[in-house]
Amino acid sequence: MTEVTPNVAQSAGQAGVVVRASTWHRLVRNPMGLTALVILGVIVLIAVLAPLVAPGDPNFADIGNVLAGPGGGSWLGTDSAGRDIASRLVYGAQVTLLSAALAAAVAIAIGLPAGLLAGYYGGTFDGLANWTTNILLALPSMVVLLAVRAAIGPSTWIAMVVFGVLLSPGYYRLTRTAVQSVRNELYVDAARVSGLSDGRIIARHIFSVVRAPIIIQTAMVCGVAISIQSALEFLGLGDPMVPTWGVMVADGFRNIYRAPLTLVWPSAAIAVTIAAFVLLGNALRDSLEDLEKVKEKRARPVGPAARRAVPPVAVESGTEHHLLKVTGLGIGYPQPGGGRKTVVDGVSFHVDRNEVLGIVGESGSGKTQTAFAILGLLPDNAIVTGGAIQFDGVYTVAPDDDHVHQDRLAPLRGKRISYIPQEPMSNLDPAFTVGSQLTRPMVRILGITKAAARDRALNLLASVGIPEPQRTYDAYPHEISGGMAQRVLIAGAISCEPDLIIADEPTTALDVTVQAEVLDVLRELQSRLGLGIVVVTHNFGVVADICDRVVVMQNGRLVEEGPVRAILRSPQDPYTKVLLASMLENKPPMTPLLTEEKLSPLLTEDELVQAEESLELTT
Amino acid sequence: MLFMILRRIGSGVVVLVTVACLTFVLLYASSSNIARNILGDQATPEALAAKEAELGLDQPLLTRLADWWAHALRGDFGRSWFTNEQVFSAIASRLPVTLVMVFASIILIALVAAVLGMLAAVRRGWVDRLVQIGAVLGSALPGFIIGVFLVWVFAIQLRLFPPISKITPNAGLNLWVLSLTLPVIALVINGVASAAQQIRSAFIRQLELDYVRTLRSRGITEREILFRHVLRSAAPAGLTVLSLQFISLLGGVVIIESIFAIAGMGRLAVEATTKSDLPLVMGVVVYTVVIVIVVNLLVDILNGWLNPKVRVS
Amino acid sequence: MSTTIESPDLLTVDDLVVEYPGKGMFGRPFRVLHDVCVRIAPGETLGLVGESGSGKTTLGRAVLGLAPVTAGRITFLGKDISHAGRRQRQQLSQHLQVVFQDPYTSLNPAMTVGDILSEPLGIQGITGADARRRVQELLDRVHLPVDAMSRLPREFSGGQRQRIAIARALALRPQLIVCDEPVSALDLTTQARVLDLLLEIQQGTGVSYLFVSHDLDVVRHISHRVAVMHRGRIVEQGEALKVTQTPDHPYTQRLLLASPVPDPDRQAERRSARQAHAASQESAA
């Protein structure tokens, strides 16, 4: 193609190059990666130019000059046969690098295609390949290499080919896992629907996924191969005519009392080379991971410092009667390049006893962050940038706190404030029965006996509408349905008679018929126990069903607050109006929902897209 | 559960048979030089032929394989070609010291790596960085170089330990343990480095799961969350890591025994290999595979017991 | 029955059965769809509604050739495509396309938007300047800027990614697009925008949709006709407003009464109606 205007394929290719170039760039800028590359470069150069670099013949034995020290005729001295150590080191680099390359090449040549086929097609080949892999992994490589040596005789190259076979399961598993995770990705389905052949799907969509892990694995494998190759030579199982680092270590070790320095040079050569490969692999992994997650978790030790007791601070008088009061709350996260990103900004609301407050917003509105701040379950690196939270007349986050003090919240959590999560299945520990997960907090917090806790748990399970409490009590999480699991989590949330429940999208993961039943359970419990509930949701139907008051959040800010009827029937804020206009119930079918006429002058399309973009970034 | 165990035992037997047959074929396929190897270059053609007949090398390969199995199933793995010692008793006399070292090493690896991995995962910060750096350094040094330098520094320079360990338990338990200390340290360092790293990531994966947050919300203490819930859920990953470490220890011990001149199975394997003493090599391979299979079976049973989905069914 | 059918329908599905092989060697095959019959006319949207595990997604995937057809027949443009091979699928892809639920995994993260959109074009032999022109048209069609072409999917929000997925489906001017829960991963306002876009495209091009969703309101809004699925069977099928507002089948009634409405008083009425309905079903059983 000689076109001057870049066509689609070209521009795409360039973008691809940009991605790779930036990975390379990061690798070189990483001091660890750069060091490793320089060391390996030097070693490769030495190996390639061995005849030019080496001061002499590696196998020329000067019997009159054995175990000479450095200086004099040879730079690094001579070994027990009077051979020049420097020359042997230089030629040893050749063998070392070639054997690493050979082992890696054999391992890739077997493992990669096998992994691709097994991962993509599965079936008989997969079964057979897995079985072979299990056998290969059950064999200690050293023992296999000994057997091969016994059968075939001393040959570094045969040993490395066999070692490559033994290493191939690593590549096989890596490739297979990567392919399996991609095979069912929707974009591969989309390619199939487009009629792309299997070969092209593998080449275009799947090979790109395994490329990076393969390179990392290869760096590691080269290190392992050098280690085992040197060890074989060290044991005297290699070809005695070939100068290798392993043989040199063995020679040094035999003369350890007379000339320990002869041991140091080859050992250092081996260690430095392997370390360079390991460092290269690590640096590669780091530079690829940087690409994926910009948000580096910066950890704060949960040590004594963080648990330091904080004095209680008196709340503003006249507000003690609110069960929960959030005042001007701000939450931010440190950014990798310095600075801070605010996800909740100046949010204020309150909840009273026997009241259900809905926090409504779209993804990234900060509604979940607000809920976790109330619970004190924000990630470690979260910063409280401002404001305060008070519960029953006591600050849990005082006005000057910059993070959540666990000693203020830990005594309340589970006992007076509890939590209903969104995903029912992932919020139960799969290794423990439902019963043990229910009774444990009760024994701890209520101080009752195990037997009493058990009776209570059975009653709770019955009260959240579980038909056979005993069976569910004895079941493991994987044995119950999502709807049942959510009821179990609700039972857990009310088990210690809390005053306030924070429910984070409690029905979002459920089918609509189950959602209705779960909401019935929540409503009944709320009115019976006089609970205060904060329901975080994006669904106005849920709001209408259960909430007394509503706050609407957008982009970390609170945009509107009021009684449920006022907000749903006559919203004042333009964003609330857009949200309600997006509801489908009671709208004429087949007509546009968000035309400019209907919404203007609320928000323009550009503003909405912008808002959406900024929201997406925060999740 | 029982079905799972039986299936694993079955597949273990299949693996053993496959490996044994393949090894036998590999070792004995080219048997032309064996007799000369044993008798030396001066042997007459008649003596060579007699030796071949004595060893059964004039039989077809498959006949010899069947013959080997017939004896092996009765516990008879033949005799060494050079020392005429029973393969079974040669291995049996050397296996204990090897197993002591390997099991002592795996227990040390498990303890140290679990503590380091957990600390790094839970504390993060500088502890984490230290563990990570240590892991890179530890995995960069091959076991035999570590062993050689341990001898040089601690046995030769500082004279804290005996440099070679031809010491049996009869010489006094203290001395015996002392003599095995350096070899075990040399064996353990690589394993700790890589296992700590993997245990660390297994813990971090678990700590980021939703249910941990829910447990916190229920008022469960961090200590209980860590030791009761997370430890248990991370255990299968840790066990898998350790079972792979165990296999690599069986290889590593070959080298370490040679460095420290310990009369264990590894050193026996090297000697048999150098002399092409095929019945011994064959015996070593079979014993190693059996040990691996038994350990893997134990790991599978433990993992199955930890996983309610397997245990309940 | 002959292989060519003189019917006005674009797609007909007759007595479709889909089974997945059972687990293990002796596991019984698992039947996901039981004798399902639907048809779609040109320019028409058939809404397929049901809860998780109802088989609605499987029906869409069977039409696309992504699920095994055990028995029955799928006819598209007068041809039996129940067991279409790779070559036939490649021809079909000009007329039959798909938009998936999750805009995060339905676009290859390593490919640029331009590459993603030109992939189906390349298979049909459209390359170079022609392809580039068509990609520009498509981006314009879904209201994305032309410079989107050289960017990667991760630079776009969920709603924008779903527009890209729609553009990819439109690339070859298909006659039927299977939309598998295309808005359920999206926020409320984004959902509204994508629905508006789908309606606008249908009015402009006369494309048909097989629209799979768990949300009765979404299906009512976008469909001409609606089929309700429950446990692998179609329990009710008919004109959209009829099925979604005054359903005949008890299951559809239950589904309707369980969907909450955004008004406290009307929701309270619906709730008591649902509880009454549940009680009557129980006493009937």
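What counts and what doesn't
Residues numbered from 1 in each chain as written. Chains lettered and ligands numbered in written order. Predicted model: local features only at pLDDT ≥ 70, side-chain atom pairs only at ≥ 80, totals over all residues. Heavy atoms only, no water. Helix = DSSP H or I, 4+ residues; strand = E, 2+ residues; numbered from the N terminus. Rg over C-alpha atoms; globule rule 2.2 N^0.38 Å. Buried < 20%, exposed > 50% of the residue type's maximum accessible area, 1.4 Å probe, protein only. Contact = heavy atoms within 4.5 Å. Domains from an automatic or database assignment. Buried area = accessible area lost by both parts, 1.4 Å probe. Salt bridge = Lys/Arg side-chain N within 4 Å of Asp/Glu carboxyl O. Polar contact = N/O pair within 3.5 Å; in protein donor to acceptor, adjacent residues only side chain to side chain. Nonpolar A, V, L, I, M, F, W, Y, C, P; charged D, E, K, R; others polar. Expected span 1.5 Å × (residues − 1). Bend = angle between axes of the 7 residues up to and from the residue. Axes fitted to C-alpha atoms, helices over the stretch in contact; angles between N-to-C directions. Parallel < 35°, antiparallel > 145°, perpendicular 65-115°, else oblique. Pairing = 2+ DSSP bridges. Patch = residues over 30% accessible without salt bridge, like charges linked within 9 Å, V, L, I, M, F, W, Y side chains within 5 Å. Areas by Shrake-Rupley, 256 points an atom, 1.4 Å probe, with all protein chains shown as cover. Core = buried A, V, L, I, M, F, W, Y, C linked by side-chain atoms within 4.5 Å.

Q: I tried to follow the overall build of chain C on my own but got confused; where do I start?
A: A tally of regular secondary structure across chain C gives ten helices and ten strands. Over its C-alpha trace chain C gives a radius of gyration of 20 Å, about what one expects of a compact globule, namely 19 Å for 285 residues. In terms of overall dimensions, chain C has C-alpha extents of about 70 × 50 × 45 Å along its principal axes. Burial statistics for chain C: of 285 residues in total, 58% are counted as buried. Long-range pairs, those at least 24 residues apart, make up 67% of the contacts in chain C with a sequence separation of at least 6.

Q: Help me understand the domain arrangement of chain C, please; the structure alone is not making it clear to me.
A: All names here are of chain C. Here chain C is partitioned into domain 1 (1–95 + 175–246), domain 2 (107–171) and domain 3 (249–285). Each of domain 1 and domain 3 was reduced to a C-alpha centroid, and the two centroids are 27 Å apart. Across the domain 1/domain 3 interface, buried area totals approximately 840 Å², and carbon plus sulfur atoms make up 65% of it. One can count zero salt bridges joining domain 1 with domain 3. Our count for the contact surface shared by domain 1 and domain 3 stands at three residue pairs in polar contact (both at pLDDT 80 or more). Among the elements of the structure, α7 (216–222), β9 (225–230), β10 (233–239) and α8 (240–245) are those that each provide at least two residues to the side of domain 1 that touches domain 3.

Q: Would you mind going over the environment of Leu 27 of chain B with me for this structure?
A: Topologically, Leu 27 of chain B is positioned in helix α1 (residues 2–28). Each C-alpha atom, one on Leu 27 of chain B and one on Val 281 of chain B, is 8.7 Å from the other, the two residues being 254 residues apart in sequence.

Q: Honestly, the interface of chain B and chain A in this entry has me stumped. Any pointers?
A: Interface size is often expressed as the accessible area that is lost when the parts come together. Taken together, the contact between chain B and chain A spans 64 residues of the former and 66 residues of the latter. Of the roughly 5,800 Å² buried between chain B and chain A, counting both surfaces, carbon and sulfur atoms make up 72%. Seen at the junction of chain B and chain A, the total is one salt bridge. Residues Arg 440 of chain A and Glu 224 of chain B are paired through a salt bridge, measuring 2.4 Å at the closest nitrogen-oxygen approach. Residue assignment for the side of chain B that touches chain A shows that the elements contributing at least two residues are α1, α6 (125–140), α7 (143–157), α9 (210–217), α10 (222–259), α11 (265–275), α12 (278–306) and α13 (308–312) of chain B. In terms of residues, the side of chain B that touches chain A owes the most to one element, α10 of chain B, which gives 13 residues. Tallied by class, residues from the side of chain B that touches chain A come to 33 nonpolar, 18 polar and 13 charged.

Q: Could you clarify how one ought to interpret α10 of chain B in this entry?
A: The α-helix advances 3.6 residues per turn, and as a result positions three or four apart in sequence lie on the same side. Residue and element names in this part refer to chain B. In this model α10 runs just 46 Å from its N-terminal to its C-terminal C-alpha over 38 residues, more than 12% under the 56 Å that 1.5 Å per residue would give. Of all the bends in α10, the largest measures some 45 degrees and sits at Leu 231. Downstream of α10 by a residue or two, Ala 261 has a phi angle that is positive, lying close to 50 degrees.

Q: Teacher, can you tell me more about the packing of helix α4 (residues 85–121) of chain A against helix α10 (residues 245–254) of chain A here?
A: What describes two packed helices is the angle between their axes and the distance between those same axes. Residues and elements named next belong to chain A. Where α4 contacts α10, the two axes come as close as 8 Å, and the packing angle between them is 140 degrees. In terms of their interaxial angle, α4 and α10 are classed as oblique. Residues Ile 85, Arg 88, Leu 89, Gly 92, Ala 93 and Thr 96 of α4 form the contact with α10, whose participating residues are Trp 245, Val 247 and Met 248. Of the residues assigned to the contact of α4 with α10, the class counts are six nonpolar, two polar and one charged.

Q: Is there a simple way to explain the pairing of β10 of chain C in this structure?
A: As a general feature of sheets, a regular strand has side chains that alternate between the two faces. Residue and element names in this part refer to chain C. Here β9 pairs with β10 via six bridges, running antiparallel. Considered in β10, the bridge of Ala 227 is made with Gln 237. Between β9 and β10, which pair antiparallel and follow one another directly, the connecting turn spans two residues, one of which, Arg 231, has a positive phi of 50 degrees.

Q: Whenever I open this one, a nonpolar patch on the surface confuses me. Can you help?
A: Residues and elements named next belong to chain A. On the surface, Val 44, Leu 45, Val 48, Leu 49, Leu 52 and Val 53 cluster together to form a nonpolar patch covering roughly 560 Å² of accessible area. Of all elements in the fold, only α2 (31–48) and α3 (50–53) reach the threshold of two or more residues within the nonpolar patch. Broken down by element, the residue count for the nonpolar patch peaks at three residues, all from α2. With respect to the helices, strands and loops of the structure, Val 48 is situated in helix α2. Here Val 48 falls in the exposed class, since its relative accessible area comes to 60%.

Q: Sorry if this is basic, but what is going on with the arrangement of the chains here?
A: When the two pairs of chains in contact are ranked by number of contacts, first place goes to chains A and C. Note that chain B does not reach chain C: the shortest distance linking a C-alpha of one to a C-alpha of the other is 13 Å.

Q: Just to check I follow, could you spell out the interface of chain C and chain A for this structure?
A: Listed as interface residues are 78 residues of chain C and, on the opposing side, 65 residues of chain A. Linking chain C with chain A are nine salt bridges, by the criterion used here. Counting every contact that joins chain C to chain A gives 26 residue pairs in polar contact (both at pLDDT 80 or more). Tallying contributions element by element places helix α6 (residues 188–205) of chain C first for the side of chain C that touches chain A, with ten residues. Across the side of chain C that touches chain A, the residue classes break down as 29 nonpolar, 27 polar and 22 charged.

Q: Can you help me understand unusual backbone geometry in this one?
A: Most of the time, phi is negative for any residue but glycine, and the peptide bond is trans. The phi dihedral of Met 590 of chain A is positive, around 65 degrees, even though this residue is not glycine. Locating Met 590 of chain A in the fold gives a position in the loop between α21 (574–581) and α22 (596–599). When its relative accessible area of 23% is taken as the criterion, Met 590 of chain A is described as partly exposed. In this structure, Asp 35 of chain C is a non-glycine residue whose phi angle is positive, near 40 degrees. Looking at the element boundaries, Asp 35 of chain C is found in strand β2 (residues 30–40). Given the relative accessible area of 47%, Asp 35 of chain C is considered partly exposed.

Q: Got a minute to help me understand the side chain of Asp 217 of chain C in this structure?
A: Among the structural elements, Asp 217 of chain C can be located in helix α7. Residue classification places Asp 217 of chain C among the buried residues on the basis of a relative accessible area of 11%. Non-local contacts of Asp 217 of chain C, meaning those with residues more than four positions away in its chain, are made with Leu 584 and Glu 585 of chain A.

Q: Looking at this structure, how should I read the sheet that holds strand β4 (residues 383–391) of chain A?
A: Sheet strands pair by backbone hydrogen bonding; their relative direction is either parallel or antiparallel. Residues and elements named next belong to chain A. What the four strands build is an open sheet, ordered β2-β1-β4-β5; its pairing is antiparallel. Because the sheet does not close on itself, it has two edges, and the strands there are β2 (340–351) and β5 (394–397). Averaged over all neighbouring strand pairs, the angle between strand axes comes to 20 degrees, with direction disregarded. Set on the sheet, helix α12 (residues 367–375) makes contact with β1 (324–334), β2 and β4; between it and β1 the angle comes to about 110 degrees.

Q: Just to check I follow, could you spell out helix α18 (residues 512–529) of chain A for this structure?
A: Residues and elements named next belong to chain A. The terminal C-alpha atoms of α18, which comprises 18 residues, lie 26 Å apart, in line with the 26 Å expected from a rise of 1.5 Å per residue. Among the residues of α18, Val 512, Thr 513, Gln 515, Ala 516, Val 518, Leu 519, Asp 520, Val 521, Leu 522, Arg 523, Leu 525 and Gln 526 are the ones counted as buried. Positive phi shows up at Gly 530, right after α18, with a value of about 65 degrees.

Q: Would you explain the nonpolar core in this entry?
A: When a protein is soluble and globular, its nonpolar side chains tend to lie buried together. In terms of nonpolar packing, the biggest core is built from 175 residues, with Phe 234 of chain A together with Trp 68, Phe 144 and Ile 259 of chain B touching the most fellow members. The biggest single contributor to this core is α10 of chain B, with 16 residues. When sequence neighbours within four positions are dropped, the list of residues in contact with Phe 234 of chain A reads Gly 246, Val 247, Val 249, Ala 250 and Phe 253 of chain A together with Phe 144, Val 148, Ile 255 and Ile 259 of chain B. Listed in part, the 53 residues of the second largest apolar core include Ala 475, Ile 567 and Leu 568 of chain A together with Leu 188 of chain C.

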